[in-house]
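Coordinate inspection notes
Residues per chain, in single letters:
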Amino acid sequence: MTQAPLTSRRPLALVTGVGRRAGIGAAIAARLATDGWDLALSWWSPYDERVHGAADPDGIDAVVAGCEHAGARVSRLPVDLADPEQAAALVGRAEEQAGAPVTAIVMSHCESVASDFATTTIASFDRHLAVNVRAPFLLVQAYAARLRAGADAPIDRRRVVALTSDHVGFNLPYGTSKGALDRLVIGAAQELGDVRVSANLVSPGPNDTGWMTDEIRRSAAEQTPLGRPSLPADTAALVGFLLGSDGGWVNGQLLKSDGGFSAR
């Protein structure tokens, strides 16, 4: 891997779950590009086809174009994070394509198929754990190993951020796996101080990514201080702060970016 001198390049952030233009991952990528990051973006179109009814075929092209317009160099990394081999190799692939060390990881991907105790299948439960827990474990494990091996990522910008949720009832495998993700990231906050990594979680709450009805939007306007639903850009702003130079002192925290609104 040929690396440009540290003084001449932007830090590299690996961001997962960036396939849909309406999604939070796309907003995070756009924010980080504006904030001075280069990007390695991963997504998996078959998930969007299975869960959302259709992929966004032009989504990744539009996201990449916007990020490049903001000055970022962008690598594309489609990957099925349910496959442990692909998940374990993603950090290395990102560094190989970008020619630079991964400085931060933002995990905005998920498996989310609503079901309850009566309807959750073993296959669905296992897939939620594989994508939402095992894949983040493998990503952070590989990231930490590369830093401990001497990767020259800027010390003051080394971060792990994962998107989480407190939605459990009637969304059982998703909520259960997100609870495990919380513990995983807090464990990273406690264990990765030797390589100067801070690790935190962000809970977006109900985010208006196109699914909200007018009734839900009106309810949000009544309940939140800003008088509107939470948007992907709001979550992206918080992630941007955590990855910024002022965010390094925040460590081992679960921060909410939902304005106090609940659509349950």
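Heads up: the structure comes first, above all this text.
The sections below set out a description of the structure shown in this document. Because the structure is a prediction, the values reported are computed rather than measured.

Scoring rules and cut-offs
- Residues numbered from 1 in each chain as written.
- Predicted model: local features only at pLDDT ≥ 70, side-chain atom pairs only at ≥ 80, totals over all residues.
- Heavy atoms only, no water.
- Helix = DSSP H or I, 4+ residues; strand = E, 2+ residues; numbered from the N terminus.
- Salt bridge = Lys/Arg side-chain N within 4 Å of Asp/Glu carboxyl O.
- Buried < 20%, exposed > 50% of the residue type's maximum accessible area, 1.4 Å probe, protein only.
- Contact = heavy atoms within 4.5 Å.
- Pairing = 2+ DSSP bridges.
- Axes fitted to C-alpha atoms, helices over the stretch in contact; angles between N-to-C directions.
- Disulfide = S-S within 2.5 Å.
- 1 Å grid on protein atoms, 1.4 Å probe; cavity = no way out; pocket = protein on both sides within 12 Å on 5 of 7 lines; lining within 4 Å.
- Points joined across faces, edges and corners; volume = space filled by probe spheres on them.
- Nonpolar A, V, L, I, M, F, W, Y, C, P; charged D, E, K, R; others polar.

As for unusual backbone geometry
- You will see that Phe-170, though not glycine, has its phi angle at about 65°, which is positive.
- Positive phi, normally seen in glycine, also occurs at Arg-196, with a value near 60°.
- You can see Arg-196 is positioned in the loop between helix H6 (172–191) and strand S6 (198–203).

Regarding the pattern of salt bridges
- By the definition in use, this model includes 14 salt bridges.
- Residues Asp-208 and Arg-217 are paired through a salt bridge, measuring 2.9 Å at the closest nitrogen-oxygen approach.
- On the basis of relative accessibility, which here comes to 16%, the residue Asp-208 falls in the buried class.
- Of the residues examined, Arg-217 reaches a relative accessible area of 28% and is grouped as partly exposed.
- The closest approach of N and O atoms between Asp-234 and Arg-228, which form a salt bridge, is 2.8 Å.
- We classify Arg-228 as partly exposed; its relative accessible area is 29%.

Looking at the environment of Leu-238
- Looking at the secondary structure, you find Leu-238 in helix H8 (residues 232–243).
- Through-space distance from the C-alpha of Leu-238 to that of Asp-61 is 25 Å; in sequence the pair is 177 residues apart.
- Apart from residues no more than four positions distant in its own chain, Leu-238 is found in contact with Val-202, Leu-255, Lys-256 and Ser-257.

Notes on the sheet that holds strand S1 (residues 12–16)
- The strand order S3-S2-S1-S4-S5-S6-S7 describes an open sheet built from 7 strands, whose pairing is parallel. Of all strands in the sheet, those bounded by a partner on one side alone are strand S3 (74–78) and strand S7 (254–256). Between one strand and the next, the sheet's axes are offset by a mean angle of 20°, whatever the strand orientation.
- The pairing of strand S4 (residues 102–107) with strand S5 (residues 159–163) spans 4 bridges and is classified as parallel.

Observations regarding the state of the cysteines
- Applying the stated criterion across every chain yields a total of 0 disulfides.
- The structure places no disulfide on Cys-67, whose sulfur is separated from the nearest cysteine sulfur, that of Cys-110, by 20 Å.

Digging into the layout of surface pockets
- For the largest pocket, the calculated volume is near 1200 Å³.
- Along its surface, the largest pocket is lined by 44 residues, and Tyr-47, His-52, Cys-110, Ser-112 and Tyr-174 are the ones closest to its centre.
- Among the secondary structure elements, those contributing two or more residues to the lining of the largest pocket are helix H1 (24–34), strand S2 (38–43), helix H2 (45–51), helix H5 (122–148) and H6.
- Per-element accounting of the lining of the largest pocket gives the leading share, 3 residues, to H2.
- Among the residues forming the lining of the largest pocket, the class breakdown is 19 nonpolar, 18 polar and 7 charged.

Read these as geometric descriptors, not functional statements.
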